[in-house]
Amino acid sequence: MKVSVLMAAYNSNVELLRQSVMSVINQTFTDFEFIIVDDGSKNPIESTVRSISNDERIVVYRKENSGLGSSLTYGINKAKGEYIARIDDDDLMAHDRLEKQVAYLDTHSEISCVGAHINFYYNNRYIHYHKFPLEHDEIVKSMIARKWAMAHTALMYRKDCVVKAGCYRLEGTGEDLDLILQLSLVGKLANIDEYLLYYHMSVGSLSSTNSQLPGHAFALREYKKSKEYEKYASVLDRSLVSVEAQINGVKKKRIPWRRKILIRYIRWFGKRIPKTL
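This text gives an overview of the structure that appears in the document. (Residues numbered from 1 in each chain as written. Predicted model: local features only at pLDDT ≥ 70, side-chain atom pairs only at ≥ 80, totals over all residues. Heavy atoms only, no water.)

1. Thoughts on the pairing of strand β1 (residues 3-9)
Reasoning step 1: The element β1 is largely enclosed, with a buried count of 7 among its 7 residues.
Reasoning step 2: Side-chain alternation along β1 places Val 3, Val 5, Met 7 and Ala 9 on one buried face and Ser 4, Leu 6 and Ala 8 on a second face that is also buried.
Reasoning step 3: Sheet topology note: the β1/strand β2 (residues 32-39) ladder contains 7 bridges and is parallel. Bridge assignment links Ser 4 to a residue of β2, and that residue is Glu 33.
Reasoning step 4: Of the crossover connections in this fold, the one passing from β1 over helix α1 (residues 14-25) to the parallel β2 is right-handed. (Buried < 20%, exposed > 50% of the residue type's maximum accessible area, 1.4 Å probe, protein only. Helix = DSSP H or I, 4+ residues; strand = E, 2+ residues; numbered from the N terminus. Pairing = 2+ DSSP bridges. Right-handed = clockwise from strand over helix to strand, strands pointing away.)

See below:
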């Protein structure tokens with residue numbers, strides 16, 4: 001099997017889950033399994049998933065609640081695919097996302113993980129997010145500076161590389177920074193210069209990045225131990241000082257009002273999502 005699509009779900013919004021599942025099922029690339037890990041939802045989601053689609057490629061696992069990182073590692077251990085494609089339970093894949101990312105990894109053996117540009121969407125309207133850097137060095141430098149240079153939900157990585165990187169070493173939030181930086185140590189990172197995912201801007205999940213700060217500090221300290229540290233030392237040291245200052249309450253923490261403004265902008269000026277993604 002070529003690809004394992006990996007989703008973790010917890011108390012999912014049924015309509016958003018339906019749209020997300022169908023965006024996977026309707027991919028132009030078809031050689032995949034679709035692993036959905038129910039992270040101890042109050043109401044088990046398998047019956048909901050089966051009511052959405054009886055596609056035989058869907059496999060649902062249920063486990064006790066332990067956090068996103070833990071659930072994704074569980075899914076990786078179950079995965080049979082050579083490549084693993086991430087998606088969150090409220091996001092949408094462009095119809096040819098898998099096809100294009102598989103083709104990229106097939107022709108770039110040095111790449112451990114590939115992403116793509118993303119759209120922000122809300123209530124079936126979307127806008128383009130700014131373009132991510134495409135090359136390894138710029139991606140790593142931006143991630144170390146905690147600038148969004150890869151979207152976790154749009155990643156496709158090689159299974160052998162993610163296992164070598166230690167999978168998701170953090171059970172809770174901030175797990176994506178550590179994963180991406182560790183993947184950069186076992187291969188190269190890249191983004192495809194196309195918009196291949198619709199990222200849901202949720203009002204219900206409006207929160208600051210405060211809860212991610214300990215995970216970010218862990219990721220930066222771990223990367224500092226690597227041989228690549230010297231290449232990005234000045235950026236990393238500044239970033240780590242900033243994170244630690246925020247954790248200790250010295251520096252003002254980020255607040256969610258930017259997301260509220262962005263949602264309002266999408267509602268007013270966003271384009272309608274095409275029926276055929």
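2. Some points on the pairing of β2
Reasoning step 1: Within β2, 8 of the 8 residues are buried, leaving the element largely enclosed by the surrounding structure.
Reasoning step 2: Side chains Phe 32, Phe 34, Ile 36 and Asp 38 of β2 all project onto a buried face; the interleaved residues Glu 33, Ile 35, Val 37 and Asp 39 project onto the opposite face, where all are buried too.
Reasoning step 3: Two elements, β2 and strand β3 (residues 58-63), share 6 bridges in a ladder whose sense is parallel. Each bridged residue has a counterpart across the sheet, and for Ile 36 the counterpart in β3 is Val 60.
Reasoning step 4: Once the chain exits β2 it traverses helix α2 (residues 46-52) before rejoining the sheet at β3, and the crossover so formed is right-handed.

3. What about the environment of Tyr 168?
Reasoning step 1: With respect to the secondary-structure elements, Tyr 168 resides in the loop between α6 (159-164) and α7 (175-186).
Reasoning step 2: With relative accessibility at 6%, the residue Tyr 168 sits in the buried group.
Reasoning step 3: Distance from Tyr 168 to Arg 50, taken between C-alpha atoms, is 28 Å for residues 118 residues apart in sequence.
Reasoning step 4: Not counting residues up to four positions away in its chain, the partners in contact with Tyr 168 are Gly 69, Leu 72, Thr 73, Ile 76, Arg 86, His 152, Tyr 157, Glu 175 and Leu 179. (Contact = heavy atoms within 4.5 Å.)

4. Overview of a nonpolar patch on the surface
Reasoning step 1: Nonpolar side chains collect at one region of the surface, where Tyr 265, Trp 268 and Phe 269 lie side by side and expose about 410 Å² of accessible area between them.
Reasoning step 2: Among the residues examined, Tyr 265 registers a relative accessible area of 42% and is labelled partly exposed. (Patch = residues over 30% accessible without salt bridge, like charges linked within 9 Å, V, L, I, M, F, W, Y side chains within 5 Å. Areas by Shrake-Rupley, 256 points an atom, 1.4 Å probe, with all protein chains shown as cover. Salt bridge = Lys/Arg side-chain N within 4 Å of Asp/Glu carboxyl O.)

5. A closer look at the packing of aromatic side chains
Reasoning step 1: Within the structure shown, the criterion is met by 12 aromatic pairs.
Reasoning step 2: The interplanar angle of 85° and the centroid separation of 5.2 Å between the aromatic rings of Tyr 126 and Tyr 198 together place this pair among those described as edge-to-face. Of the two residues, Tyr 126 sits in strand β7 (residues 125-128) while Tyr 198 sits in strand β9 (residues 188-200), which places them 72 residues apart along the sequence.
Reasoning step 3: Tyr 126 sits in the buried class, given a relative accessible area of 13%.
Reasoning step 4: Judged by its relative accessible area of 6%, Tyr 198 falls in the buried class. (Phe/Tyr/Trp six-rings, centres within 6.5 Å; stacked < 30°, edge-to-face > 60°.)

6. Focus: the state of the cysteines
In protein chemistry, a disulfide is the covalent bond that joins the sulfur atoms of two cysteines.
Reasoning step 1: Applying the stated criterion across every chain, the model contains 0 disulfides.
Reasoning step 2: Cys 113 takes part in no disulfide bond, and the closest cysteine sulfur to it belongs to Cys 161, at a distance of 9.2 Å.
Reasoning step 3: For Cys 113, a relative accessible area of 0% puts it in the buried group.
Reasoning step 4: What makes Cys 161 buried here is its relative accessible area of 11%. (Disulfide = S-S within 2.5 Å.)

7. Some details on the side chain of His 136
Reasoning step 1: Tracing the sequence through the fold places His 136 in helix α5 (residues 136-144).
Reasoning step 2: In this structure, His 136 is in contact with Ser 184, Gly 187, Lys 188, Leu 189 and Tyr 232, ignoring residues within four places of it in sequence.

8. As for the pattern of salt bridges
Two side chains of opposite charge can pair, provided their charged atoms sit close to one another.
Reasoning step 1: One pass over the structure, following the stated rule, counts 17 salt bridges.
Reasoning step 2: Between Asp 193 and Lys 131 there is a salt bridge, with its nearest N and O atoms 3.4 Å apart. You can see Asp 193 sitting in strand β9 and its partner Lys 131 sitting in the loop between β7 and α5, a full 62 residues away along the chain.
Reasoning step 3: On the basis of relative accessibility, which here comes to 42%, the residue Asp 193 falls in the partly exposed class.
Reasoning step 4: As a salt-bridge pair, Asp 237 and Lys 224 come within 3.4 Å of each other at their nearest N and O atoms. Taken together, the residues Asp 237 in helix α9 (residues 233-247) and Lys 224 in helix α8 (residues 213-224) connect sequence positions 13 residues apart.
Reasoning step 5: Salt bridges linked by common partners bring Arg 169, Asp 178, Glu 222 and Lys 225 together as one network.

9. A look at the packing of α8 against α9
Reasoning step 1: In contact at an axis separation of 10 Å, α8 and α9 are set at 150° when each is read in the N-to-C sense. Classified by the interaxial angle, the pair formed by α8 and α9 is roughly antiparallel. As for the relative orientation of α8 and α9, their crossing is left-handed in sense. On α9, the residues touching Leu 213, Pro 214, Ala 217, Leu 220, Arg 221, Tyr 223 and Lys 224 of α8 are Leu 236, Asp 237, Ser 239, Leu 240, Val 243, Glu 244, Gln 246 and Ile 247. (Axes fitted to C-alpha atoms, helices over the stretch in contact; angles between N-to-C directions. Parallel < 35°, antiparallel > 145°, perpendicular 65-115°, else oblique. Left-handed = near helix turned anticlockwise from the far one by under 90°.)

Limitation: the analysis is restricted to geometry and does not speak to function.
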